[in-house]
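# Structure assessment
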Amino acid sequence: MIVTYERAGLVGYAKWLLHELKQPNNVLRETTIAILANAWRIEEATWVFRQAFDTGEVKDLSTFGCMINLFSRNKKHRNAVEVFEKMRSAGYFLDSNVIATVLNAYGKMQAFDKVEDVYQEMQELGCVFSDQVHFQMLSLLGAKGDFKAMELLFERLDANPNIDKKDLHLVAAGIYQRANRLDDATRIADRMSRGRVLKSQVV
């Protein structure tokens, strides 16, 4: 309704509805945050989120994820990290998709040490990562220029039977190619080809 009012030029109605949403007795704060985030009202959603967090009203994991995604979509990576750190201080854990968003936010901030810390910490806490998270970690290590750590992670993932090997090799080869390390890119591509040949022979 906020967006509809604004598109129709009924700014007064939109402001009135925003005012109503900010009143804690009218709508649950977490519901308000979700509404404002879906309407891309960044400033209002941020204000309500901070008020709700300070008063202990944010209890739903999805509320943190909602804010992290909102900030990330709007390239406000520092704010996304702030929400993540509030979430961790409150003892909440991320799902795999939001972890990928947080890792990307740290990467955009060039905070590569934090990327590695979060990746390792979440694994130690038993979080099950999607392939996307692992591949993003590879990409961030490549962006950092730490190809030794990247290669170690690549080998560990290549030995994991649950990882999609084709996508893994394509991601690794692409990282080396973007870094102009063409010999390494070719080595990964050849390794992928040999893997296909061996697989076809087994079949």
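Everything discussed here concerns the structure shown above.
Residues numbered from 1 in each chain as written. Predicted model: local features only at pLDDT ≥ 70, side-chain atom pairs only at ≥ 80, totals over all residues. Heavy atoms only, no water.

### Observations regarding the overall build of the chain
Assigned secondary structure in the chain consists of 12 helices and zero strands. Overall, the chain shows an N-to-C arrangement of helices and strands of α-α-α-α-α-α-α-α-α-α-α-α. Looking at the 203 residues of the chain, the share that counts as buried comes to 41%. Across the chain, every contact between residues at least 6 apart in sequence was considered, and the portion connecting residues at least 24 apart equals 53%. Accessible surface computed for the chain: about 11600 Å², of which carbon and sulfur atoms make up 51%. (Helix = DSSP H or I, 4+ residues; strand = E, 2+ residues; numbered from the N terminus. Buried < 20%, exposed > 50% of the residue type's maximum accessible area, 1.4 Å probe, protein only. Contact = heavy atoms within 4.5 Å. Areas by Shrake-Rupley, 256 points an atom, 1.4 Å probe, with all protein chains shown as cover.)

### With respect to the packing of helix 6 (residues 77-89) against helix 7 (residues 96-108)
Packing of helix 6 against helix 7 leaves a shortest axis separation of 9 Å and a crossing angle of 130°. Accordingly, the angle class assigned to the pair helix 6 and helix 7 is oblique. Our pair here, helix 6 against helix 7, has a crossing hand that is left-handed. Touching His77, Ala80, Val81, Phe84 and Glu85 of helix 6 are Val102, Asn104, Ala105, Tyr106 and Lys108, all from helix 7. Across the contact of helix 6 with helix 7, the residue classes tally to six nonpolar, two polar and two charged. (Axes fitted to C-alpha atoms, helices over the stretch in contact; angles between N-to-C directions. Parallel < 35°, antiparallel > 145°, perpendicular 65-115°, else oblique. Left-handed = near helix turned anticlockwise from the far one by under 90°. Nonpolar A, V, L, I, M, F, W, Y, C, P; charged D, E, K, R; others polar.)

### Describing the environment of Val118
Relative to the helices and strands, Val118 is located in helix 8 (residues 112-124). Its relative accessible area of 3% is what places Val118 among the buried residues. Sequence spacing of Val118 and Leu103 is 15 residues, and the spatial spacing of their C-alpha atoms is 7.6 Å. Residues in contact with Val118, not counting those within four places in the same chain, are Phe84, Leu103 and Tyr106.

### Re unusual backbone geometry
Backbone geometry at Lys75 places phi at a positive 60°, although glycine is not the residue there. Residue position: Lys75 is located in the loop between helix 5 (61-73) and helix 6. Judged by its relative accessible area of 68%, Lys75 falls in the exposed class. A positive phi angle is found at Asn180, which is not glycine, with a value near 60°. Positionally, Asn180 belongs in the loop between helix 11 (165-178) and helix 12 (182-202).

### A short note on the packing of helix 4 (residues 42-54) against helix 5
With their axes 11 Å apart at the nearest point, helix 4 and helix 5 run at an angle of 145° to one another. Both helix 4 and helix 5 take part in a crossing whose hand is left-handed. The residues of helix 5 that touch helix 4, namely those facing Ile42, Ala45, Thr46, Phe49 and Phe53, are Thr63, Phe64, Met67, Leu70 and Phe71. Here the contact of helix 4 with helix 5 is composed, by residue class, of eight nonpolar, two polar and no charged.

### What to know about the side chain of Glu151
For Glu151, the location among the structural elements is in helix 10 (residues 147-158). One polar contact links Glu151 to Tyr176, side chain to side chain, over a distance of 2.4 Å. Setting aside residues no more than four positions away along its own chain, Glu151 makes contact with Tyr176 and Arg187. (Polar contact = N/O pair within 3.5 Å; in protein donor to acceptor, adjacent residues only side chain to side chain.)

### Some details on the packing of aromatic side chains
Across all of its chains, the model carries six aromatic pairs by this definition. With a centroid separation of 6.2 Å and an interplanar angle of 80°, the aromatic rings of Phe53 and Phe64 are classed as edge-to-face. Remark: Phe64 occurs in helix 5 and Phe53 occurs in helix 4; sequence separation between them is 11 residues. By the burial criterion, Phe53 is buried, and Phe64 matches it. An aromatic cluster is present here, built from Phe49, Phe53 and Phe64 joined pairwise through their rings. A cation over a ring is seen here: Arg181 above Phe147, with NZ or CZ 4.2 Å from the ring centre. (Phe/Tyr/Trp six-rings, centres within 6.5 Å; stacked < 30°, edge-to-face > 60°. Lys NZ or Arg CZ within 6 Å of the ring centre and 35° of its normal.)

Function cannot be inferred from these measures alone, as they are strictly geometric.
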